[in-house]
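Chain by chain, the residues run as shown.
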Amino acid sequence: MPIDRIRVLNPRSRNQKVFSGLVESIATVGLKRPVTVTENGADGEGPFYDLVGGQGRMEAFKALGETRIPAMAVEAGEADLYLISLIENLARRKHSNRDLLTAVRVLEERGYGVMKIAEKTGLDPSYISGILVLLKAGEERLIAAVEKGWLPINLASQIARAGDEDIQVAMMEAYETGLLRGEQLIQVRRLIDRRRVLGKQYGRWTQKIDTAMTPHKLLQTYQSLLRRSSSKFSANATVDARAASREYGSSPCK
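Bear in mind the structure is a predicted one, so any value in this text is a computation, not a measurement.

### Side note on the overall build of the protein chain
Now for step 1: Helices and strands together make up the secondary structure of the protein chain, namely 11 helices and four strands.
Now for step 2: Sorting the 254 residues of the protein chain into buried and exposed places 30% on the buried side.
Now for step 3: Partitioning the contacts of the protein chain with sequence separation of at least 6, the portion at a separation of at least 24 is 59%.
Now for step 4: Surface exposure of the protein chain reaches about 16,900 Å², of which carbon and sulfur atoms provide 53%.

### Looking at helix α7 (residues 140-148)
Now for step 1: If you check which residues of α7 are buried, you get R141, L142, I143, A144, A145 and V146.
Now for step 2: Positive backbone phi, at 95°, marks G149, one or two positions downstream of α7.

### Things to note about the sheet that holds strand β3 (residues 46-53)
Now for step 1: Read across the open sheet, the four strands follow the order β1-β3-β2-β4; overall the sheet is mixed. Strands at the two margins of the open sheet, each flanked by one partner only, are β1 (6-7) and β4 (71-73).
Now for step 2: With six bridges connecting them, strand β2 (residues 35-43) and β3 associate as antiparallel partners. Across the sheet, D43 pairs through a bridge with G46, a residue of β3.

### What to know about the packing of helix α6 (residues 125-137) against helix α8 (residues 153-161)
Now for step 1: Two numbers describe how α6 lies on α8: the axes approach to 9 Å, and their chain directions differ by 30°. Considered as vectors, α6 and α8 are oriented roughly parallel to each other. Regarding α6 and α8, the two cross each other, and that crossing is left-handed. Residue-level inspection shows Y127, G130, I131, V133 and L134 of α6 in contact with α8, the latter providing I153, A156, S157, A160 and R161.
Now for step 2: Of the residues belonging to the contact of α6 with α8, the class tally is seven nonpolar, two polar and one charged.

### Section: the environment of G138
Now for step 1: Along the chain, the position of G138 falls in the loop between α6 and α7.
Now for step 2: Here G138 falls in the buried class, since its relative accessible area comes to 16%.
Now for step 3: Separated by 62 residues in the primary sequence, G138 and K200 have C-alpha atoms spaced 6.6 Å apart.
Now for step 4: When residues no more than four places from it in sequence are discounted, the contact partners of G138 are K200 and Q201.

Conventions and cut-offs
- Residues numbered from 1 in each chain as written.
- Predicted model: local features only at pLDDT ≥ 70, side-chain atom pairs only at ≥ 80, totals over all residues.
- Heavy atoms only, no water.
- Helix = DSSP H or I, 4+ residues; strand = E, 2+ residues; numbered from the N terminus.
- Buried < 20%, exposed > 50% of the residue type's maximum accessible area, 1.4 Å probe, protein only.
- Contact = heavy atoms within 4.5 Å.
- Areas by Shrake-Rupley, 256 points an atom, 1.4 Å probe, with all protein chains shown as cover.
- Pairing = 2+ DSSP bridges.
- Axes fitted to C-alpha atoms, helices over the stretch in contact; angles between N-to-C directions.
- Parallel < 35°, antiparallel > 145°, perpendicular 65-115°, else oblique.
- Left-handed = near helix turned anticlockwise from the far one by under 90°.
- Nonpolar A, V, L, I, M, F, W, Y, C, P; charged D, E, K, R; others polar.

Next comes the structure, spelled out in C-alpha cells:
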C-alpha cells in the first residue's frame, strides 16, 4: 500500500534510541507484521486510509526510503478501531503500564471475560483476573507495586479483598511459603501501612480520627488546655504591663 495514502490521526512521540533500533531491525530482517489501516475517504487517485496501528513501523519504512508498506485493511466502528489500536500497542516489545491497564479496562467494559482478554493481550489469565480485582477496587497503590515487580499479583488481590486481620494472615503465609523475604517483606509492610493511613489511591488522603477517649488522653487534653490558658494569661499580663508603662511613664516590673 502507498505510504502517502495513509494518514496518522494521533501521532505519538518516540524515543529516538528505540526508533533507531526499529529501523535497524526492519532493514536487517524486514517487516515482521503489517500495519493496520481502515479506509476513510478517497480522491481521484484512490482511497485514503487512517492508520490504526503501526506508526513506528511506517515511520521506519519512510526513514529507509520506502514508498510502500505491507498493510492489513479492517472495517470496524470507531469503538472497535480504538480497541484494535490498544491491542496493537500491547503487541509492541515495550508497552507502557498505562497502555496495558487501559486496554484491560476497556476490554472488560466491552464485555470480554478473563480468558478472552488474556488471549487478546497475550497475558496470563491469573494476572488479568488479579488486575481486574485491583482496578475495580480502585487500588492505585497496589497496582503500582505490582507494576514495579515487588508485590506479587496474587498477594495484591488478597490484600484488596481482605480486612486488617486477614491481611496479617496473608502476610504470614507469604513469608512462610517464601513468596516474600527480607527487604521485599519490609516494602510490602510499609505499603500496607500507607494504604491504611492514606487510602487506596494517590492524592486522596483522609485522616482517620480516633474519637475514643481514655483516661490518659483526657489527662493530656486537660494539660494542653492548662498550658494554653497559662500562656494566654502571661501574654495578656505582659500587654497590660506595657500599656501601663506607656501611660504612666514607668517600666514594668520584672
